[in-house]
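The lines below spell out each chain.
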Amino acid sequence: MARSHQGSGGLAAIGADMDDSRFRIRPYQQILSSCSGALVTSLFMTPLDVVKTRLQAQQKVLISNKCYLYCNGLMDHICPCGPNGTLGPTAPSKRPLHFNGTIDAFTKISRYEGVPSLWSGLGPTLILALPTTVIYFVAYEQFRIRLKELYQRKKGRDAELPIWLPLLAGSSARVLAVTIVNPLELIRTKMQSEKLSYREVGHAFRSMLRVQGVLGLWKGFFPTILRDVPFSGIYWTTYESIKKRFNVSQPTFAFSFASGAISGGVAAFITVPFDVVKTHQQIAFGEQFLYAQNGADKGAPGKKPFKAIGTFETMGRIFQMNGIRGLFAGLTPRLVKVAPACAIMIASFEYGKNFFYRYNVQRYQEQKDKALAAAAASEAGTVVSSAPSASLVPSSPAHHRGRQMNKY
């Protein structure tokens, strides 16, 4: 529970108000708090993200009537099925893997592609996770504090904070983060879904830039926003509501971990359909550019220029092909990944906030004590310096009596 007793000198005790402008954590401290959590989360959760992406990409292959071909056991390419549903005479004997669920995907990927394949795209994941986490958490804290100050300025400092405040702060922070890092998310999703090398992704990346321009870097931006903005709003609203329900202002690691897991699980479940659509649209750029680059569609008679499929149209096609289950493909690995990932991330962040908050309070108190000591020393110096001037005026009674005797 939060404690609100007063410390020495009238300072609010640690945990009373972590948003106190005198010792709230600074942006660079927020960055340090979020980076460690992002690193640990990426290392532990990348295998679950790979499985989730492969399960969702499996549906994308069926919808687009394209097949995965495995080459040298390390990389796959997307090629069209032949007229009779075969892969053609040059197709390798190795058939693409079909996954029947989360455990089956873990087993088959580990057995046929090697355990390191579960960390496919870890490099881009780390490159993506650090800036995303830094931007997201720092932006959330800044938006939340500014909105809180504006609201209290109008309603008074003792006014109860509304539920829309973390909702708006979390949503705004996610929009900012997604806008900046969406191109890296595009690369990471492609690498995880097809196990492409960095060189192959680079070729497809340059081809996409030539055809679609710079705006192609934000392929899948709209469904990502539809998934991440509601997720962030639901997540932060749920998390702050749990803290408020238990009257906790400075949560422990265990409290943050449990609250983060619950909040992340609720938000992830609600936004799974948008995650499926985002994966389908981002993987599509490989079919459109990598496959065309290999010469399959070059010069094809009557080939119509590519027209991007909208978010809700994609959602409709998935529903027609697979029903509600299709819209919730990869739900289990998403929940298994998101809940602990949110738990680790928020617990690490809150732990860092608590650490730096205590540090700032201690430093503030030390500076105040030094200032008081300096003021006391200055006062004492003033008293000592005035002492000699007082001795120039004799006040001894014997001295006065001597003077009086001289009169006679």
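This text follows the structure it describes.
What counts, and where the lines are drawn
Every chain is numbered independently, its residues counted from 1 as its sequence is written. Owing to the predicted nature of the model, reporting of local features is limited to residues with pLDDT of at least 70; listing and counting of side-chain atom pairs is limited to 80 or more, with chain, interface and lining totals taken over all residues. Remark: hydrogens and water are excluded; side-chain values derive from all non-hydrogen atoms of the structure. Only runs of H or I of at least four residues qualify as helices and only runs of E of at least two qualify as strands under DSSP, and these elements are numbered from the N terminus. Only protein chains enter the accessibility calculation, which uses a 1.4 Å probe; a residue whose area is less than 20% of its type maximum is buried, one above 50% is exposed, and one in between is partly exposed. Residues count as neighbours in contact if any of their non-hydrogen atoms are within 4.5 Å of one another. The Shrake-Rupley method, run with a 1.4 Å probe, gives the accessible areas here. Residue values count only the displayed protein chains as cover. Salt bridges, as used here, are contacts in which a Lys or Arg side-chain nitrogen is within 4 Å of a carboxyl oxygen on Asp or Glu. Expected span of a helix: the number of residues minus one, times 1.5 Å. Values of bend correspond, residue by residue, to the angle between axes fitted over the seven residues ending at that residue and the seven starting there. Polar contacts, as counted here, are pairs of nitrogen or oxygen atoms within 3.5 Å of one another; within protein the pair requires one atom able to donate a hydrogen and one able to accept it, and residues that are adjacent in sequence qualify only if both atoms are side-chain atoms. Here the arc refers to the set of directions running from the helix axis out to each C-beta atom. Working definition: rings of Phe, Tyr and Trp (its six-membered ring) pair if their centres are within 6.5 Å, and the pair is stacked with planes under 30 degrees apart, edge-to-face with planes over 60 apart, and tilted otherwise.

**Q** Is there a simple way to think about the overall build of the chain in this case?
**A** Looking only at helices and strands, one finds 10 helices and 2 strands in the chain. Walking the chain from its N terminus toward its C terminus, one meets helices and strands in the order α-β-β-α-α-α-α-α-α-α-α-α. Within the span of the chain, comprising 408 residues, buried residues form 48% of the whole. Taking the intrachain contacts of the chain between residues at least 6 apart in sequence as the baseline, contacts between residues at least 24 apart amount to 81%. As presented, the chain carries roughly 21,400 Å² of accessible surface, and 64% of it is formed by carbon and sulfur atoms.

**Q** Whenever I open this one, unusual backbone geometry confuses me. Can you help?
**A** Excluding glycine, a negative phi dihedral is what most residues carry, and trans is how most peptide bonds are arranged. One non-glycine residue, N247, lies in the positive phi region at around 55°. Within the secondary structure, N247 is located in the loop between α6 (221–245) and α7 (253–293).

**Q** Whenever I open this one, the pattern of salt bridges confuses me. Can you help?
**A** It is possible for side chains bearing opposite charge to pair when their charged atoms get close. In the structure shown here, the tally under the stated rule is 13 salt bridges. Across the pair D19 and R144 runs a salt bridge whose closest N-O atoms are separated by 2.9 Å. Note that D19 is positioned in the segment before α1 (27–64) and R144 in helix α3 (residues 122–155), a separation of 125 residues in sequence. Both residues of the pair, D19 and R144, belong to the buried class. The partner of E313 in a salt bridge is R317, with the nearest N and O atoms 3.3 Å apart. A residue pair is termed a helical-turn pair when its members lie 3 or 4 positions apart in one helix, as E313 and R317 do in helix α8 (residues 311–327) at 4 residues. Using a relative accessible area of 43% as the deciding quantity, one classes E313 as partly exposed. Since its relative accessible area comes to 36%, R317 is described here as partly exposed.

**Q** Help me understand α8, please; the structure alone is not making it clear to me.
**A** Given 3.6 residues to a turn, an α-helix orients residues that are three or four positions apart in the same direction. Under the 1.5 Å per step criterion, the end-to-end length of α8 is only 12 Å for 17 residues, more than 12% shorter than the ideal 24 Å. The sharpest bend along α8 measures roughly 110° and falls at M321. All of the buried residues in α8 are T311, T314, M315, I318, G323, G326 and L327.

**Q** What exactly am I supposed to notice about the environment of Q152 here?
**A** Looking at the secondary structure, you find Q152 in helix α3. Looking at Q152, the relative accessible area reads 12%, which means it is buried. A distance of 3.5 Å separates a polar side-chain atom of Q152 from the backbone oxygen of R157.

**Q** Honestly, helix α2 (residues 102–113) in this entry has me stumped. Any pointers?
**A** Counted at 1.5 Å a residue, the expected span for α2 with its 12 residues is 16 Å, and the 16 Å between its end C-alpha atoms agrees. For α2, the full list of buried residues reads T102, A105, I109 and E113. Along the axis of α2, the buried positions cluster into a sector of 55°, meaning they face one direction only. With respect to the buried face of α2, the exposed residues turned more than 90 degrees away are I103 and R111. Positioned one or two residues after α2, G114 has a phi angle of 95°, which is positive.

**Q** Whenever I open this one, the packing of aromatic side chains confuses me. Can you help?
**A** Note on aromatic pairs: each is described by the distance of the centres and the angle between the planes. In the structure shown here, the tally under the stated rule is 16 aromatic pairs. Consider the rings of Y136 and F137, whose centres lie 5.4 Å apart with planes at 75°: the pair is edge-to-face. Judged by its relative accessible area of 5%, F137 falls in the buried class. Ring geometry for F137 versus W236: centroids 5.7 Å apart, planes at 75°, classification edge-to-face. You can see F137 sitting in helix α3 and its partner W236 sitting in helix α6, a full 99 residues away along the chain. Each member of the pair, F137 together with W236, is buried. An aromatic cluster is defined as three or more aromatic residues linked by ring pairs; in this entry it consists of Y136, F137, Y140, F231, Y235, W236, Y239 and F349.

**Q** What should I look at first to understand the side chain of E141 in this one?
**A** Along the chain, E141 falls in helix α3. Discounting chain neighbours no more than four positions away, the residues touching E141 are Q30, F349 and K353.

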